[in-house]
Amino acid sequence: MSDPLAKLITLTARLTQTPGETDRLVIASGGIEFEGPFPMNAGDVFDFDDQDLVPFSGQLQLDLIAEHPGQQPANLGPVIIRADEQGRGELTQQFRGSGALYDLAYKVI
């Protein structure tokens, strides 16, 4: 049996790290950046490419990192995607940290 694939669908900004300002975001796993940087303001929705599939086994930790000029990057929290979520349709988890709140919609296929 092959490893599951995480299909990232959308990232929705509920609250940015500093209200009223733009977050410049990177999504990383295991210290490797695989999406970004891209800017987001509260209310924005980022649509991931339909071809972006992330293979993993067991579980996949994704970190949302905010980069602001002249400041250290801030980790806005992790999301753990698990292999046992395979076949459950579209799911949503939240990145919460440093005052920010982002919804990640994804599927495990």
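Residues numbered from 1 in each chain as written. Predicted model: local features only at pLDDT ≥ 70, side-chain atom pairs only at ≥ 80, totals over all residues. Heavy atoms only, no water.

This part covers the overall build of the protein. For the protein, the helix and strand inventory stands at zero helices and nine strands. Listing each helix as α and each strand as β along the protein from the N terminus yields β-β-β-β-β-β-β-β-β. The C-alpha atoms of the protein give a radius of gyration of 14 Å, which matches the 13 Å a tight globule of 109 residues would have. Along the first, second and third principal axes, the C-alpha atoms of the protein reach 45 × 25 × 20 Å. In the protein, which comprises 109 residues, the share counted as buried stands at 43%. For the protein, contacts bridging at least 24 residues in sequence account for 58% of all contacts bridging at least 6. When the accessible surface of the protein is split by element, carbon and sulfur atoms take 48% of a total near 6,000 Å². (Helix = DSSP H or I, 4+ residues; strand = E, 2+ residues; numbered from the N terminus. Rg over C-alpha atoms; globule rule 2.2 N^0.38 Å. Buried < 20%, exposed > 50% of the residue type's maximum accessible area, 1.4 Å probe, protein only. Contact = heavy atoms within 4.5 Å. Areas by Shrake-Rupley, 256 points an atom, 1.4 Å probe, with all protein chains shown as cover.)

With respect to the helices and strands, glutamate 35 occurs in strand β3 (residues 32-40). Beyond its immediate sequence surroundings of up to four residues, glutamate 35 is in contact with Leu25, Val26, Ile27, Phe46, Phe48 and Asp52.

Moving on, we come to the nonpolar core. By size, the foremost hydrophobic cluster in this structure holds 26 residues, and its most contacted members are Leu11, Leu25, Ile81, Tyr102 and Leu104. Among the elements of the structure, β1 (5-15), β2 (23-29), β3, β6 (59-66), β7 (74-82), β8 (91-97) and β9 (100-108) are those that each provide at least two residues to this core. Sort the elements by how many residues they give to this core and β9 lands first, with five residues. (Core = buried A, V, L, I, M, F, W, Y, C linked by side-chain atoms within 4.5 Å.)

The subject of this paragraph is the pairing of β8. As defined by bridge partners, β8 adjoins β9 across seven bridges and the pair is classed as antiparallel. Residue pairing in the sheet places arginine 96 in a bridge with leucine 101 of β9. (Pairing = 2+ DSSP bridges.)

Within the structure shown, the criterion is met by four salt bridges. A salt bridge links aspartate 103 to arginine 14; the shortest N-O distance between them is 2.6 Å. Here arginine 14 lies in strand β1 and aspartate 103 lies in strand β9, a separation of 89 residues in the sequence. Judged by its relative accessible area of 10%, aspartate 103 falls in the buried class. Taking the shortest distance from any N to any O, the salt bridge between arginine 24 and glutamate 67 comes out at 3.9 Å. Within this pair, whereas arginine 24 is found in strand β2, its partner glutamate 67 is found in the loop between β6 and β7, the two being separated by 43 residues in sequence. Given the relative accessible area of 43%, arginine 24 is considered partly exposed. Three or more residues are tied together by salt bridges with common partners; here these are Arg82, Asp84 and Glu85. (Salt bridge = Lys/Arg side-chain N within 4 Å of Asp/Glu carboxyl O.)

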